[in-house]
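If you want the building blocks of each chain, they are given just below.
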Amino acid sequence: MTKQNGGMKEFIRKMIVSLKRKPQTIPLLVLSAAFLVYSLNLTHISDTTAKIQLSGMGLSGFCTMLFSLLSFVCFINAYPHRKKTNIPMLVLMFLMLGILIFCDSYYAGRITQAITRADHPIVVDANTIYITKAYDMLMIHRVIVAAGALLTLLVPVLRKLLRRIDTSLPMEENVEMEAISLSDEA
């Protein structure tokens, strides 16, 4: 039982050491979560677009997927291995994240417009529950993308905070070596 607990402690220690070296991993994981939330709910988006059919909805969904992938490329190129941060790529990534949030807002506005219009509003019932799911997912996606952008801005702060965490191993081996060397002197 103690060996398993020690293994978990060592795993956490190694993970923190890895984050100390690359704190930009944290916002990358958050942006990955945003991409997964959107892409795993893409069926709801497609069904909603097919049902409502207002202008710009398909383009908005396409742009969201496109800029999600391109923002990953920009993020990875913004933080090259053992080099300074590439500021132009970082600016381009923030521009794409802004477009993502705009596209989500536009799409959610189109859903609201279709549900609340005066003539022939779309009725959400058991057969069209995917519209509500798409709307809720868009809200969650916007929040996660904004959190990823905020964490990307805070990478220097995260780096300083992570450096304060002590990840050094206990020096049990040195204590044993000193005891052996002292016993040889006697």
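Below is a summary of the structure that appears in this document. (Residues numbered from 1 in each chain as written. Predicted model: local features only at pLDDT ≥ 70, side-chain atom pairs only at ≥ 80, totals over all residues. Heavy atoms only, no water.)

For the rest of this paragraph, the subject is helix α6 (residues 129-153). Relative to the 36 Å expected for 25 residues at 1.5 Å per residue, α6 spans 37 Å between its end C-alpha atoms, a close match to the ideal helical length. Inspection of α6 places Y130, I131, A134, M137, L138, H141, R142, I144, V145, G148, A149 and T152 among the buried residues, and these make up the whole buried set. Looking at the buried residues of α6, the elements they touch are α2 (25-40), α3 (42-52), α4 (57-78), α5 (87-116) and α7 (155-163). (Helix = DSSP H or I, 4+ residues; strand = E, 2+ residues; numbered from the N terminus. Expected span 1.5 Å × (residues − 1). Buried < 20%, exposed > 50% of the residue type's maximum accessible area, 1.4 Å probe, protein only. Contact = heavy atoms within 4.5 Å.)

This next bit is on the packing of α3 against α6. Two elements in contact, α3 and α6, have axes whose closest approach is 9 Å; the angle formed by their N-to-C orientations is 120 degrees. Relative to α6, the element α3 is oriented oblique. Judged by the sense of rotation from one axis to the other, the crossing of α3 with α6 is left-handed. Contacts from H44, I45, D47, T48, K51 and I52 in α3 reach Y130, I131, K133, A134, M137 and L138 in α6. (Axes fitted to C-alpha atoms, helices over the stretch in contact; angles between N-to-C directions. Parallel < 35°, antiparallel > 145°, perpendicular 65-115°, else oblique. Left-handed = near helix turned anticlockwise from the far one by under 90°.)

On to the pattern of salt bridges, then. Opposite charge on two side chains permits pairing when their charged atoms draw close. Taken as a whole, this structure holds one salt bridge when the rule is applied. The partner of R13 in a salt bridge is E10, with the nearest N and O atoms 2.9 Å apart. Taken together, the residues span about one helical turn, with R13 and E10 both in helix α1 (residues 2-21) at a distance of three residues. E10 sits in the partly exposed class, given a relative accessible area of 26%. (Salt bridge = Lys/Arg side-chain N within 4 Å of Asp/Glu carboxyl O.)

Looking now at the packing of α3 against α4. Following both chains from N to C, one finds α3 and α4 inclined at 160 degrees, their axes separated by 9 Å at the closest point. One way to sum up the angle between α3 and α4 is to call them roughly antiparallel. Viewed along their axes, α3 and α4 form a crossing whose handedness is left-handed. Contacts between α3 and α4 involve L42, T48, T49 and I52 on the former and, on the latter, M57, G58 and M65. Counted by class, the contact of α3 with α4 contains four nonpolar, three polar and no charged residues. (Nonpolar A, V, L, I, M, F, W, Y, C, P; charged D, E, K, R; others polar.)

Glancing now at empty space enclosed by the protein. Per the counting criterion, the structure on display carries one cavity of 30 Å³ or more. Elements that contribute at least two residues to the lining of the largest cavity include exactly α2, α4, α5 and α6. Its residues assigned to classes, the lining of the largest cavity shows seven nonpolar, three polar and no charged. (1 Å grid on protein atoms, 1.4 Å probe; cavity = no way out; pocket = protein on both sides within 12 Å on 5 of 7 lines; lining within 4 Å. Points joined across faces, edges and corners; volume = space filled by probe spheres on them.)

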